[in-house]
Amino acid sequence: MSSLIHLSDLHFGPHHRARLDEILLKDIAQLNPDAVIVSGDLTMRARNREFEQARDFLAHIPKPTLTIPGNHDQPILTPLDWLERFTRQYARYEKYIHPTIDSTLAIDGLFVLGLNDNHPALPGGFWTRAQRVWLEDQLARAPRGAVKVIATHHQLVWNGWRPAGFWRAERALEFLAARGVELVLNGHTHVPRAAQTRGGIVVARAGTATSGRTRHGNANSYNYVKIDEQEISIFLRSYDERADAFVAARAFTFPRRAGMP
Ligand SMILES: [Fe+2]
Ligand SMILES: [Fe+2]
């Protein structure tokens, strides 16, 4: 049995709810997951001080952690920011959060790959050809028997306007299914969701854990993920104002893919 806490869209900066940081850290200590995944939008406007706050929060997580940047983690406020956005898109992310943009996390029974999917000008999610080559190479080297997990910012399963999500998502999901991926973790919309594709991949989206910019009546939330021999379960935990706590809200259980390559 493996477990993950999946956080997303922390958005340090305006609208950030610092009170929830403390509660999250207590939940992480209590739930004791094998790892914590943070699927992008660590900041609101990619300001240096927002990245500092995100860095300090991550430093308090006493678990292996994998992060990826989100579209909000690219500088945007001034002409100089835009110059930086097109020349060194993630210099601040690399300085404060992690020295590489794409990264891997291998722990007992789990192999997690985090891929940036943001473009400095275009909306939606993309992987470059170089990233697909890297992904293929990494997946081929996954430890035998490990559950293969992908984290990327934009949603691969959604209803609605296309640029809100990953471009050509079905093709990406087929690519991942053919290489034995079982679980994909996304964020971006601030709306939690979980579904299983025809190819058997569980695609789980986390809402915003700590931003006041909640959407469509969804409270702040995160996902607690459990994986056993047979099933992948996603437990949505939503912030309840009266309890001043994240409480169990919904649960989704999916069978693991049969005949995995
Ligand atoms: Fe976001
Ligand atoms: Fe986003």
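Refer to the structure presented above.
Anyway, here's the lowdown on the structure attached to this text. Not measured: the values here are computed from a predicted model. (Residues numbered from 1 in each chain as written. Chains lettered and ligands numbered in written order. Predicted model: local features only at pLDDT ≥ 70, side-chain atom pairs only at ≥ 80, totals over all residues.)

Details of the overall build of the protein chain
Okay, so step 1: When you go through the protein chain residue by residue, the secondary structure sums to 6 helices and 12 strands.
Okay, so step 2: The C-alpha atoms of the protein chain give 17 Å as radius of gyration, which agrees with the globular expectation for 261 residues (18 Å, within 12%).
Okay, so step 3: Viewed in the frame of its principal axes, the protein chain has a C-alpha envelope of about 50 × 45 × 35 Å.
Okay, so step 4: Taken across its 261 residues, the protein chain has 44% of its residues classed as buried.
Okay, so step 5: The long-range share in the protein chain, meaning contacts at least 24 apart out of those at least 6 apart in sequence, stands at 70%. (Helix = DSSP H or I, 4+ residues; strand = E, 2+ residues; numbered from the N terminus. Rg over C-alpha atoms; globule rule 2.2 N^0.38 Å. Buried ≥ 20, exposed ≤ 12 C-beta atoms within 10 Å, placed from the backbone. Contact = placed C-beta atoms within 7 Å.)

Focus on the sheet that holds strand S11 (residues 231–240)
Okay, so step 1: Pairing is mixed across the open sheet formed by 6 strands, whose spatial order is S3-S2-S1-S10-S11-S12. The open sheet has two edge strands with one neighbour each: strand S3 (65–68) and strand S12 (245–255). When the angles between neighbouring strand axes are averaged without regard to direction, this sheet yields 20°.
Okay, so step 2: Across the face of the sheet, helix H1 (residues 18–31) comes into contact with strand S1 (2–7), strand S2 (35–39), strand S10 (221–227), S11 and S12 while running at roughly 50° to S12. (Pairing = 2+ DSSP bridges. Axes fitted to C-alpha atoms, helices over the stretch in contact; angles between N-to-C directions.)

Some words on the nonpolar core
Okay, so step 1: Among the nonpolar cores identified, the biggest contains 64 residues, and Ile37, Val112 and Val184 are the most heavily contacted of them.
Okay, so step 2: Looking at which element gives the most residues to this core, the answer is strand S5 (residues 110–115), with 5 residues.
Okay, so step 3: Setting aside residues up to four positions removed in sequence, Ile37 forms contacts with Leu4, His6, Leu66, Val112, Ala151 and Leu185. (Core = buried A, V, L, I, M, F, W, Y, C linked by C-beta atoms within 7 Å.)

Here we look at the environment of Thr78
Okay, so step 1: Structurally, Thr78 can be placed in the loop between S3 and helix H3 (79–87).
Okay, so step 2: Sequence spacing of Thr78 and Gly200 is 122 residues, and the spatial spacing of their C-alpha atoms is 44 Å.

Structural notes on the pairing of S5
Okay, so step 1: Most of S5 is tucked away, with 6 of its 6 residues classed as buried.
Okay, so step 2: For strand S4 (residues 103–107) and S5, the ladder comprises 5 bridges, and the chain directions are antiparallel. By the bridge assignment for S5, Ile107 is matched with Leu110.
Okay, so step 3: Count of turn residues in the S4/S5 antiparallel hairpin: 2 residues, of which Gly109 carries a positive phi of about 80°.
Okay, so step 4: As judged from the 6 bridges shared by S5 and strand S6 (residues 147–152), these two strands associate in the parallel manner. Each residue of the ladder has a partner; that of Leu110, found in S6, is Val147.

A few points about H1
Okay, so step 1: With 14 residues, H1 should reach 20 Å at 1.5 Å per residue; the first-to-last C-alpha distance of 20 Å fits that figure.
Okay, so step 2: Residues Leu20, Leu24 and Ile28 constitute the buried set of H1. One face of H1 carries all of its buried residues, which in axial projection span an arc of 80°. Every exposed residue of H1 that faces more than 90 degrees away from the buried side is listed here: Ala18, Arg19, Glu22, Lys26, Ala29 and Gln30.
Okay, so step 3: In this structure, the buried side of H1 is in contact with S1, S2 and S11.
Okay, so step 4: Where H1 ends, the next residue or the one after it, Asn32, has phi of about 50°, a positive value. (Expected span 1.5 Å × (residues − 1). Arc of directions from axis to C-beta.)

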